[in-house]
Amino acid sequence: MKIVSTKNNLQILHEDNHLIVINKRVGDLAQGDKTGDIPLSEVVKEYIKEKYNKPGAVFLGVVHRLDRPTTGIVVFARTSKALTRMNAMFSSRETQKTYWAIVKNKPILPSANLIHYLKRNEKNNTSKAHLKEVPDSKLASLDYKIISEMNNYFALEIELHTGRHHQIRAQLSAIGCPIKGDLKYGFDRSNLDGGIHLHARKLAFIHPVTLVETVIIAPAPDDVLWNLLK
């Protein structure tokens, strides 16, 4: 897919009067947190301020987040109307979210629907996947399929049906397939860049203002394994 702009090291996938969609890199924060590091939202605000010569504060709403070690599509709203409507679509699952993941262990089935109950542990910032409901757990559902076998690794395409904390990471770990580089969920070694091989590849939705069907595709990072999928 054509990249609209790479100014300020931003890889902009889509930009209009209501939305701006970024291809997030490893390590980028979608929104500010306790680390105090500059988040992607502030970088995008600065880009908008400069491009459109906007005086004063720039409005930018964070529609959803990606984990810091994850790459791919992050959507920001440039108007309050777009933010409200996009939040509603994400909450009611009116968006189609597709991810790519690379794992070392081959899943038992080439494709399957995974249903777990995820319970979040705030102390160590993880989620544990249970086969049966436990107190304070939330239903998590996804479909996966193997799309490529590469250098002793397996690439999976994942359709996400719910948006739980660390959902894909926890669910794949629960079936014995932790994501490459994901020490927190059982992979045996980290990636050199500190990231994990999980990429938010595609997002399809009805534009909140124009009502046009919109499909965003994010190129995977430039590395040996991802390049085998290109």
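Conventions and cut-offs
- Residues numbered from 1 in each chain as written.
- Predicted model: local features only at pLDDT ≥ 70, side-chain atom pairs only at ≥ 80, totals over all residues.
- Heavy atoms only, no water.
- Core = buried A, V, L, I, M, F, W, Y, C linked by side-chain atoms within 4.5 Å.
- Buried < 20%, exposed > 50% of the residue type's maximum accessible area, 1.4 Å probe, protein only.
- Contact = heavy atoms within 4.5 Å.
- Helix = DSSP H or I, 4+ residues; strand = E, 2+ residues; numbered from the N terminus.
- Expected span 1.5 Å × (residues − 1).
- Arc of directions from axis to C-beta.
- Polar contact = N/O pair within 3.5 Å; in protein donor to acceptor, adjacent residues only side chain to side chain.

Asker: I tried to follow the nonpolar core on my own but got confused; where do I start?
Answerer: By size, the foremost hydrophobic cluster in this structure holds 49 residues, and its most contacted members are Val44, Ile73, Phe76, Ile158, Ile168 and Leu172. Aside from chain neighbours lying at most four places away, what touches Val44 is Leu10, Ile20, Ile22, Leu60 and Phe76. Of all hydrophobic cores here, the second largest spans 10 residues; its members include Trp100, Tyr153, Ala155 and Leu225.

Asker: Quick question: what am I supposed to make of helix H3 (residues 167-174) here?
Answerer: Think of an α-helix as turning once every 3.6 residues; residues three or four places apart then point the same way. The element H3 is extensively covered by neighbouring structure, given that six of its eight residues are classed as buried. For H3, the set of buried residues is Gln167, Ile168, Arg169, Ala170, Gln171 and Leu172. For H3, the secondary structure elements touched by its buried residues are strand E5 (96-103), strand E6 (111-121), strand E7 (126-130), strand E8 (138-150), strand E9 (153-160) and strand E10 (198-206). Backbone geometry just after H3 places Gly176 at a positive phi near 80 degrees.

Asker: When you look at helix H2 (residues 80-91) in this model, what are you seeing that I'm missing?
Answerer: Taking 1.5 Å of rise per residue, 12 residues should cover 16 Å, and H2 covers 16 Å from first to last C-alpha, within 8% of that figure. Restricting attention to buried positions, one finds in H2 the residues Ala82, Leu83, Met86, Met89 and Phe90. Considered in projection along H2, the buried side chains sweep an arc of 130 degrees and stay on one side of the axis. Counted as exposed and oriented over 90 degrees from the buried face of H2: Thr84 and Ser91. Contacts made by the buried residues of H2 are with strand E2 (19-24), strand E3 (61-62), strand E4 (71-77), E5 and E10.

Asker: Help me out: how do you make sense of the side chain of Thr162 in this one?
Answerer: Here Thr162 lies in the loop between E9 and H3. Of the polar contacts made by the side chain of Thr162, one reaches the backbone nitrogen of Ser141; its length is 3.0 Å. There is a polar contact of 2.8 Å between the side chain of Thr162 and the side chain of Gln167. Setting aside residues up to four positions removed in sequence, Thr162 forms contacts with Arg93, Leu139, Ala140, Ser141 and Gln167.

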